[in-house]
Amino acid sequence: MAQALVLEEKHKLALREIALPEDLGPDDVRIEIDTVGICGSDVHYYTHGKIGPFVVTAPMVLGHEASGTVRAVGAEVTHLAPGDRVCMEPGIPDPRSKASKLGIYNVDPAVRFWATPPIHGCLTPSVIHPAAYTYKLPDSVSFAEGAMVEPFAIGMQAAARARITPGDIALVTGAGPIGIMVALAALAGGCAEVYITDVVDEKLAIAGGYDNVHPINVTKTDAARTLAEATGGWGADVVFECAGAPASIQTALEAAAPGGCVVWVGMPVDPVPVDIVLAQSKELRMETVFRYANVYDRAIALIGSGKVDLKPLISDTFAFADSIAAFDRAVEARPTDVKIQISLGTPG
Ligand code: ZN
């Protein structure tokens, strides 16, 4: 039995004892959790009890964005040792699956992902995890930043799918946590300038705090026109749609340059009509993103080198004992909040 933040059912959280796996397999590590970030999906399970086909039907431990310290390693583990500071990939595929063999383990139908029903998450002091999906953090990366690698990995996946050419001009629609992560990954991936849209000035101000990120409030300014003006009438080489709203999906197609690329990152709640002819008339390349695969090492390298600074995105940190208050704060969705984290480690 271990203490954990348990979603009992929709709208009902409890910090209580629950039975969790304790057996350390030969390829596993035991990790003392230090920091866990609250994700939009965690909040959605709390407020709605489901995401698409994934329904909370039994008590489930929340949390999947985590860092910590290795305390024990299985007999076959060679690349990690007790005392190593690490972060973890929350999705574990079946290594024998066709998807895994093809290197696209993120779309393995058998993937087991933390805090996606019925799989427990990691908001508990200690977890068992496969060493293959546990990554050592350099000394320059704090636990708080280590817990940001998971959401940043989605930005990395989007940047990789876009096949950015150095000097590309990008548009990101939506300045939520993922939109900002995508903007930073696009810059790290070679984009010269990134424009980012939203309807909330506070979110745009946070995004615009980064060099070469240019906010556009779409309630006042037309994004496609802004991109046209910035590119001699040509348009954005790459558009990352991160809002999932019908209006921004149309904006993405309008703002893209002929021969450009649109990456669909945002997830519309309901199916959305898409102007195929507009896309065809510019022969746009379209890419989709579902989580990420094989990007953690590069994500950690970018954060460790200082090329990507995620620290300004950590809005507040709560103690583990105050986990429920942390979630209620995340539900508030303050416009100035990007990421709320929970610290299980010793302060400092
Ligand atoms: Zn997440």
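To be clear, the structure that these remarks concern was listed above.
Presented here is a report on the structure given in the accompanying data block. (Residues numbered from 1 in each chain as written. Predicted model: local features only at pLDDT ≥ 70, side-chain atom pairs only at ≥ 80, totals over all residues. Heavy atoms only, no water.)

## Observations regarding the overall build of the protein
Secondary structure assignment for the protein yields 11 helices and 20 strands. With respect to the three principal axes, the spread of C-alpha positions in the protein is 60 × 40 × 40 Å. Surface accessibility of the protein: about 15,500 Å² in total, with carbon and sulfur atoms responsible for 55%. The average position of the 26 basic charges and that of the 41 acidic charges among the side chains of the protein differ by 3 Å. (Helix = DSSP H or I, 4+ residues; strand = E, 2+ residues; numbered from the N terminus. Areas by Shrake-Rupley, 256 points an atom, 1.4 Å probe, with all protein chains shown as cover. Lys, Arg positive; Asp, Glu negative; His and termini not counted. Charge placed at Lys NZ, Arg CZ, Asp CG, Glu CD.)

## Let's talk about the coordination of the zinc ion
Surrounding the zinc ion are the protein donor atoms Cys39 (SG), His64 (NE2), Glu65 (OE) and Glu150 (OE), which sit 2.2 to 2.7 Å from the metal. Coordination at the zinc ion is irregular: its four donor atoms span angles of 85 to 172° at the metal. (Donors = N, O, S within 2.8 Å, 3.2 Å for Na, K, Ca; no water. Tetrahedral: all angles 85-135°; square planar, octahedral: opposite > 155°, others 65-115°.)

## Observations concerning the packing of aromatic side chains
Applying the stated rule across the entire model yields four aromatic pairs. Taking 6.1 Å as the distance between ring centres and 85° as the angle between the ring planes, the aromatic pair formed by Tyr46 and Phe327 counts as edge-to-face. Here Tyr46, found in helix α1 (residues 40-48), pairs with Phe327, found in helix α11 (residues 323-332); they are 281 residues apart in sequence, far enough to count as distant. Judged by its relative accessible area of 9%, Tyr46 is buried. Ring geometry for Tyr135 and Tyr296: centres 5.0 Å apart, planes at 40°, overall tilted. (Phe/Tyr/Trp six-rings, centres within 6.5 Å; stacked < 30°, edge-to-face > 60°. Buried < 20%, exposed > 50% of the residue type's maximum accessible area, 1.4 Å probe, protein only.)

## Considering the sheet that holds strand β1 (residues 2-9)
In space, the three strands of this open sheet follow the order β2-β1-β6, with antiparallel pairing throughout. Only two strands of the sheet have a single neighbouring strand rather than two, namely β2 (12-18) and β6 (60-61). When β1 meets β2, the two strands line up antiparallel, connected through seven bridges. Bridging from a neighbouring strand, Gln3 pairs with Glu17 of β2. Where α11 meets the sheet, it contacts β1 and β2, and its direction lies at approximately 155° from that of β2. (Pairing = 2+ DSSP bridges. Contact = heavy atoms within 4.5 Å. Axes fitted to C-alpha atoms, helices over the stretch in contact; angles between N-to-C directions.)

Function-wise, these values are silent; they only describe arrangement.
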